[in-house]
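Per-entry structural report
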Amino acid sequence: MPYPLVKETIGQDFAETHQTIYVAFVGFTILIWDHLVTIGDEIDFIWQGRKGIHVYLFLLNRYLTPVGFIINLVAFNLPSWSYESCRHFVRYEGAMTAIGIEIVGIMMLLRVNAMYKHQRAAILLAVFLLLAWIGVTAWLLSHAEPVIHTRNVHSCSMVFNSGSIASASAWLPLLYDTYVFGLTLNRTLPAIRNKEAGRVIRALFADGLLYYSVICTVNLILAIMIIRAPVGIQNITAQLELLLTVTMMSRITLNIKKQAYYRPSPLSSQAENIMMSTHSISSAARVESSSRAQSGSTSPLTLPVRAIGFAENPSFSTIRGPRLSTIYPAAKISAAQGPVDGSPVFEDANWCSASNYNEWNTADIA
């Protein structure tokens, strides 16, 4: 039975259809723009890096989503839709949206598994939430219907024919994202507070915070619109959810790989030490001068001397070797250094727990 839809005016139908098209093109533009500006990192860290499940999921979403969404853009503007043909097409539209977002959910699950390898309860709850999300979404898609338009408006877009329960398509992903974000904070914040966080841990925290802030906002808006908005635009934010989710997960994956690949150059650390040393000298001089002025002494001021030493042959290269500690203790840094040759350097993340520190290879995270 078709979803009951009564338009007050042709103008309302026309406006809602164009709002759907505009939001779709805005989201698609963001996705393509981000793809273009990060293509260099993709070549360096994905195509030329070592392959794994994260890489294959990344590539699947990176290229399947834009290709699939182009078909949606055509459907929004195609003038030759019949009700029956559109009714079949909206299942494709909904399925492509669900697949794109749920692939991101699987990528999150893999990172949770890497951070909580020996805590099965945390992993099993994440698996349960993901499966519940996938199952409910599949059921909702089986009840999807096309938005019915007036005779003068030609477009094909999907709406759920399930009443207010359709909002589960927004709040279940939000619940899953909230749980994963909480697990990420539990692993990264202790290391950051104790100043033991390396670049990968800091990237996980910063990127996770940004991702959750944006996607949480979009999902909340979607859940409210599914319940309260006119039928013609109830699902308008779902396409934005898909495109922003894929865009941000691509960014996070590339950034984590980049942070795991490089470490700060030795010369940068030397420059920082120089600034700290000169600051100490000038501070000591001001204290000494002040104390002598108060005591009325006229003897010459003798400044403390601090030696600033350089390594004999400072190198700009990365440390070569299979592993680096997240806080780079001297015991774990190989003495052998060489020119930059594209060989990957992976950083170990020291995951902090309430009672101990566990060390995981960040290849599982990146």
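Scroll up to find the structure.
Source: prediction; values computed, not measured. Going along each chain's sequence as written, the residues are numbered from 1 onward. Under the rules for a predicted model, residues below a pLDDT of 70 receive no local features and side-chain atom pairs below 80 are neither given nor counted, while totals for whole chains, interfaces and linings still include all residues. Only hydrogens and water are set aside; all other atoms, that is, all heavy atoms of the structure, feed into the side-chain values.

1. Topic: the nonpolar core
Within this scheme, the nonpolar core is defined by two criteria: the residues are buried Ala, Val, Leu, Ile, Met, Phe, Trp, Tyr or Cys, and they are joined through side-chain atoms within 4.5 Å. Throughout, exposure labels follow a simple rule: accessible area from a 1.4 Å probe, protein chains only, divided by the maximum for the residue type, with under 20% read as buried, over 50% as exposed, and the rest as partly exposed. Ranked by internal contacts, the top residues of the largest apolar core, which has 48 residues, are Phe 69, Met 108, Val 112, Tyr 116, Tyr 176 and Tyr 211. The way it works is that DSSP assigns letters per residue, a run of H or I at least four long becomes a helix, a run of E at least two long becomes a strand, and they are numbered from the N terminus. Broken down by secondary-structure element, the contributors of at least two residues to this core are helix H1 (10-37), helix H3 (53-77), helix H4 (83-115), helix H5 (120-141), helix H6 (168-193), helix H7 (199-228) and helix H8 (236-261). Considering every element that reaches this core, the biggest residue donor is H8, with 10 residues. Note on contacts: a residue pair qualifies if any of its non-hydrogen atoms lie within 4.5 Å across the two residues. If near-sequence neighbours (up to four positions away) are discounted, Tyr 211 is found in contact with Val 104, Met 108, Asp 177, Thr 245, Met 248 and Ile 252. Grouped together as the second largest cluster of nonpolar side chains are 17 residues, Ala 75, Cys 86, Ala 166 and Ala 238 included.

2. Notes on the packing of aromatic side chains
Geometry of aromatic contacts follows a simple scheme: Phe, Tyr and Trp rings, the Trp one being its six-membered ring, pair when their centres are within 6.5 Å, and the pair is stacked under 30 degrees between planes, edge-to-face over 60, tilted otherwise. As enumerated under the stated definition, the model contains 5 aromatic pairs in all. Taking the centre distance of 5.6 Å and the plane angle of 45 degrees together, the rings of Trp 133 and Tyr 176 count as tilted. Of this pair, Trp 133 sits in helix H5 while Tyr 176 sits in helix H6, and the two are 43 residues apart along the sequence. Trp 133 sits in the buried class, given a relative accessible area of 4%. Among the residues examined, Tyr 176 registers a relative accessible area of 0% and is labelled buried. Grouped by ring-pair contacts, the aromatic residues Trp 81, Phe 89 and Tyr 92 constitute a single cluster.

3. Here's the deal with the pattern of salt bridges
Whenever Lys or Arg places a side-chain nitrogen within 4 Å of a carboxyl oxygen from Asp or Glu, that contact is recorded as a salt bridge. The full count for this structure, using the stated rule, is 4 salt bridges. Here Asp 34 ties to Arg 251 by a salt bridge, and the two come within 2.4 Å at their closest N and O atoms. Pair noted here: Asp 34 is in helix H1 and Arg 251 is in helix H8, with a separation of 217 residues, a long-range link. Across the pair Lys 258 and Asp 41 runs a salt bridge whose closest N-O atoms are separated by 3.0 Å. Of this pair, Lys 258 sits in helix H8 while Asp 41 sits in helix H2 (residues 39-47), and the two are 217 residues apart along the sequence. For Lys 258, a relative accessible area of 27% translates into the label partly exposed.

4. Overview of the layout of surface pockets
Detection works on a 1 Å grid of protein atoms alone, calling trapped sets that fit a 1.4 Å probe cavities and calling open sets with protein on both sides within 12 Å along at least five of seven lines pockets, with lining residues defined by an atom within 4 Å of a point. Grid points are joined across faces, edges and corners, and a volume is the space filled by probe spheres set on the points. Roughly 210 Å³ of internal volume is contained in the second largest pocket. Along the walls of the second largest pocket sit 13 residues, with Trp 81, Ser 82, Tyr 83, His 149 and Ser 155 positioned nearest its centre. Class assignment for the residues of the lining of the second largest pocket results in 7 nonpolar, 5 polar and 1 charged. Think of it as three bins: nonpolar holds Ala, Val, Leu, Ile, Met, Phe, Trp, Tyr, Cys and Pro, charged holds Asp, Glu, Lys and Arg, and polar takes everything else, Gly as well.

5. Focus on the packing of H7 against H8
Helix axes are fitted only over the stretch in contact, all axes being lines through C-alpha atoms; the angle between N-to-C directions runs from 0 to 180 degrees. Two numbers describe how H7 lies on H8: the axes approach to 10 Å, and their chain directions differ by 180 degrees. Comparing their axes, H8 and H7 come out roughly antiparallel. When its residues are assigned to classes, the contact of H7 with H8 shows 18 nonpolar, 5 polar and 3 charged. Here is the rule for angles: anything less than 35 degrees is roughly parallel, anything more than 145 is roughly antiparallel, 65 through 115 is roughly perpendicular, and the remaining ranges are oblique.

6. Some details on the state of the cysteines
Cysteine sulfurs are considered disulfide-paired once they come within 2.5 Å of each other. For the structure shown, the criterion picks out 1 disulfide. A disulfide bridge connects Cys 86 with Cys 156, and the sulfur atoms are separated by 1.9 Å. Between Cys 86 and Cys 156, the S-S dihedral sits near 100 degrees, and the bridge is therefore right-handed. Of this pair, Cys 86 sits in helix H4 while Cys 156 sits in the loop between strand S1 (144-146) and strand S2 (158-160), placing them 70 residues apart in sequence. By relative accessible area, which is 4% here, Cys 86 ends up buried.

7. Focus: a nonpolar patch on the surface
Only residues whose relative accessible area exceeds 30% and that take part in no salt bridge are eligible for patches, with like-charged residues grouped when within 9 Å of each other and nonpolar side chains (Val, Leu, Ile, Met, Phe, Trp, Tyr) grouped when within 5 Å. Computed by Shrake-Rupley with a 1.4 Å probe, the accessible areas treat only the displayed protein chains as cover when residues are assessed. Taken together, the side chains of Ile 32, Trp 33, Leu 36 and Val 37 make up a nonpolar region of the molecular surface, amounting to roughly 400 Å² of accessible area. Its place among the elements puts Leu 36 in helix H1. The class of Leu 36 is exposed, set by a relative accessible area of 60%.

8. Some remarks on empty space enclosed by the protein
It is the rolling of a water-molecule-sized probe over the atoms that shows where space remains empty. This structure, assessed with the given rule, holds 7 cavities of 30 Å³ or more. Computed from the structure, the largest cavity encloses a volume of approximately 340 Å³. Lining the largest cavity are 29 residues, and of these Thr 97, Met 158, Phe 160, Asn 235 and Ala 238 lie nearest its centre. Elements supplying a minimum of two residues to the lining of the largest cavity: H3, H4, H5, S2, H6 and H8. With 6 residues, the top contributor of residues to the lining of the largest cavity is H4. Of the residues contributing to the lining of the largest cavity, the split by class is 15 nonpolar, 11 polar and 3 charged. Approximately 210 Å³ is the volume found for the second largest cavity. Residue lining of the second largest cavity: 15 residues in total, with Met 108, Val 180, Thr 184, Gly 208 and Ile 252 positioned closest to the centre. Listing elements by their share of the lining of the second largest cavity, those giving two or more residues are H4, H6, H7 and H8. When its residues are assigned to classes, the lining of the second largest cavity shows 10 nonpolar, 2 polar and 3 charged.

9. Here we look at the side chain of Thr 17
Relative to the helices and strands, Thr 17 resides in helix H1. Residue Thr 17 is classed as buried on the basis of its relative accessible area, which comes to 7%. Other than its neighbours up to four places away in sequence, Thr 17 contacts His 149, Val 153 and Ser 155.

Geometric values such as these leave the question of function open.
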